[in-house]
Amino acid sequence: MDVSMTLWVLTILGLGALIGADFFIGRKPHDVSVKEAGVWTIVWIVLAALFGIGLLIFGDSQASGEFFAGYITEKSLSVDNLFVFVLIMAKFAVPSHLQQRVLLVGVLIALVLRAIFIAAGAAIITSFSWVFYIFGAFLIYTAWKLIQEARSGEEEDDFEENRLLKTVERKFGVADRYHGTKLFIRNNGKRVLTPLMVVMLAIGTTDILFALDSIPAIFGLTQDPYIVFTANAFALMGLRQLYFLIGGLLKKLVHLSYGLSVILGFIGVKLVLHALHESGVHVPEISIPVSLAVICGVLIITTITSLIASKRQSERAAAQSVAESDGAGKDSVGA
């Protein structure tokens, strides 16, 4: 898809206006209700759908298909981010009425960092086509690692601050409590960070780790930097509302890691096939419609099986609790 500099500028300005409107509407710290989160989640999904339809009308079907495939992939991978966001919020004991501000700025930082990653990735792919082998192998390895972690039942119970965050804290110092929406305060004549600023940086910089697999994944679906950027932007900008909407449901998505591993492995194979094709080897390539169907199918199956498994676990836990209480009652009668 041939994208002019004017379209790039208009797109960035449009996204900036949407972010500004989102910030203006949620500028007053408050507890986000499920209804509010649900409405805004639908708004962001509709905006992404309209953008994809616009690509179909003013561009071509391939560009539109690539956008939707990339958007759905990035959206599904971003759900995995929410697990870490929950840990970060707990680690820094963020007050509930400040969490929406934290996520808004944190996601904005993540968007800027991803834009840098995308620009670098596009430049590397343009100069070195063999990088598709590396991207493909990395995604297949990541998929295998996700399956291993899911099978072993490994779960992170705490958030470990990265080296960059620790360095910033040492250099500037951190206040001992939250000061509303202030990011800096004066403490004994020295300007120090507030915990609010630290947690914003934590969410923004932690996203770099997620970008290591999500950026190669979307480049496996499209090599168009414009589509890669817009798909990432729409997926990230709706992440804040999704956090409040499905925060309580995250633990029920017990098969999410398996679904994501299948998607990443599938895209990894697609990248390797594409690299072989570029090298002159006659191998079949996976089309965008097939990719879109596989991604959607895996997500639907994963969600259904997760909810079924979660329901069975709840029923077993309830039955065990009843059995234990009955046993305790019999023991007391016998005594």
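### Description of the overall build of the protein chain
Here is step 1 of the chain: Regarding its fold elements, the protein chain presents eleven helices and two strands.
Here is step 2 of the chain: In sequence order, the protein chain lays out its α and β elements as α-α-α-α-α-α-β-β-α-α-α-α-α.
Here is step 3 of the chain: Projected onto its principal axes, the C-alpha positions of the protein chain cover 80 × 60 × 35 Å.
Here is step 4 of the chain: The proportion of buried residues among the 335 residues of the protein chain is 44%.
Here is step 5 of the chain: Between the centroid of the 26 positive side chains of the protein chain and the centroid of its 27 negative side chains there is a distance of 9 Å.

### Looking at helix H2 (residues 34-58)
Here is step 1 of the chain: A rise of 1.5 Å per residue sets the reference length of H2, with its 25 residues, at 36 Å; its end C-alpha atoms lie 36 Å apart and thus fit the reference within 8%.
Here is step 2 of the chain: Every buried residue of H2 is accounted for by Ala-37, Gly-38, Thr-41, Trp-44, Ala-48, Phe-51, Gly-52 and Leu-55.

### Thoughts on the side chain of Asn-232
Here is step 1 of the chain: Within the secondary structure layout, Asn-232 lies in helix H8 (residues 225-237).
Here is step 2 of the chain: Side chain to side chain, Asn-232 and Arg-114 meet in a polar contact 2.7 Å long.

### Side note on the pairing of strand E2 (residues 190-193)
Here is step 1 of the chain: Where strand E1 (residues 184-187) lies against E2, four bridges are found, and the strand directions are antiparallel. Bridged to Asn-187 within E2 is Lys-190.
Here is step 2 of the chain: Hairpin connection, E1 to E2: the antiparallel pair is bridged by two residues, and Asn-188 has positive phi, about 55°.

### What about helix H7 (residues 195-219)?
Here is step 1 of the chain: In this model H7 runs 36 Å from its N-terminal to its C-terminal C-alpha over 25 residues, within 8% of the 36 Å that 1.5 Å per residue would give.
Here is step 2 of the chain: Bending of H7 peaks at approximately 50° at the position of Phe-210.

### Focus: the packing of helix H5 (residues 131-152) against H7
The description of two helices packed together rests on the angle between their axes and the distance between the axes.
Here is step 1 of the chain: Viewed as axis vectors pointing N to C, H5 and H7 meet at an angle of 125°, and their least axial separation amounts to 10 Å. Here H5 lies oblique to H7, going by the angle between them. The two elements H5 and H7 cross, and the hand of that crossing is left-handed. Residues Phe-132, Phe-135, Phe-138, Leu-139 and Thr-142 of H5 pack against Leu-212, Asp-213, Pro-216, Ala-217 and Phe-219 of H7.
Here is step 2 of the chain: For the contact of H5 with H7, the per-class residue count stands at eight nonpolar, one polar and one charged.

### Some details on the environment of Trp-44
Here is step 1 of the chain: Secondary-structure assignment places Trp-44 in helix H2.
Here is step 2 of the chain: For Trp-44 and Leu-242, which are 198 residues apart along the polypeptide, the C-alpha to C-alpha distance reads 10.0 Å.
Here is step 3 of the chain: Among residues more than four places away in sequence, those in contact with Trp-44 are Leu-18, Asp-22, Tyr-71, Met-237, Gly-238 and Gln-241.

### Re the confidence of the model for the protein chain
A low pLDDT means the predicted coordinates there should not be read in detail.
Here is step 1 of the chain: Chain-level pLDDT for the protein chain is 82 on average; 91% of the residues reach the 70-or-more range.
Here is step 2 of the chain: Within the protein chain, no element has a lower average pLDDT than helix H11 (residues 288-334), which sits at 79, and none a higher one than H8, at 90.

### Some points on the pattern of salt bridges
Here is step 1 of the chain: One pass over the structure, following the stated rule, counts one salt bridge.
Here is step 2 of the chain: The partner of Glu-74 in a salt bridge is Arg-114, with the nearest N and O atoms 3.1 Å apart. Here the residue Glu-74 occupies a position in helix H3 (residues 61-91), and Arg-114 occupies one in helix H4 (residues 99-127), the gap between them amounting to 40 residues. Comparing Glu-74 with Arg-114, the two get one shared label, buried.

### A closer look at a nonpolar patch on the surface
Here is step 1 of the chain: Side chains of Ile-42, Val-46, Leu-50, Ile-53, Leu-56, Ile-57 and Phe-58 sit close together on the surface and give an oily, nonpolar patch of about 750 Å² of accessible area.
Here is step 2 of the chain: Mapping Leu-56 onto the fold places it in helix H2.
Here is step 3 of the chain: You can call Leu-56 partly exposed: its relative accessible area is 44%.

### A short note on the packing of aromatic side chains
Here is step 1 of the chain: Under the definition given, this model contains ten aromatic pairs.
Here is step 2 of the chain: Among the aromatic residues, those joined into a cluster by ring pairs are Trp-8, Phe-51, Phe-67, Phe-68, Tyr-71, Tyr-226, Phe-229 and Phe-234.
Here is step 3 of the chain: The ring of Phe-184 is capped by Arg-191, whose NZ or CZ atom sits 4.4 Å from the centre of that ring.

Reading guide: rules and limits
Residues numbered from 1 in each chain as written. Predicted model: local features only at pLDDT ≥ 70, side-chain atom pairs only at ≥ 80, totals over all residues. Heavy atoms only, no water. Helix = DSSP H or I, 4+ residues; strand = E, 2+ residues; numbered from the N terminus. Buried < 20%, exposed > 50% of the residue type's maximum accessible area, 1.4 Å probe, protein only. Lys, Arg positive; Asp, Glu negative; His and termini not counted. Charge placed at Lys NZ, Arg CZ, Asp CG, Glu CD. Expected span 1.5 Å × (residues − 1). Polar contact = N/O pair within 3.5 Å; in protein donor to acceptor, adjacent residues only side chain to side chain. Pairing = 2+ DSSP bridges. Bend = angle between axes of the 7 residues up to and from the residue. Axes fitted to C-alpha atoms, helices over the stretch in contact; angles between N-to-C directions. Parallel < 35°, antiparallel > 145°, perpendicular 65-115°, else oblique. Left-handed = near helix turned anticlockwise from the far one by under 90°. Contact = heavy atoms within 4.5 Å. Nonpolar A, V, L, I, M, F, W, Y, C, P; charged D, E, K, R; others polar. pLDDT = per-residue confidence, 0-100. Salt bridge = Lys/Arg side-chain N within 4 Å of Asp/Glu carboxyl O. Patch = residues over 30% accessible without salt bridge, like charges linked within 9 Å, V, L, I, M, F, W, Y side chains within 5 Å. Areas by Shrake-Rupley, 256 points an atom, 1.4 Å probe, with all protein chains shown as cover. Phe/Tyr/Trp six-rings, centres within 6.5 Å; stacked < 30°, edge-to-face > 60°. Lys NZ or Arg CZ within 6 Å of the ring centre and 35° of its normal.

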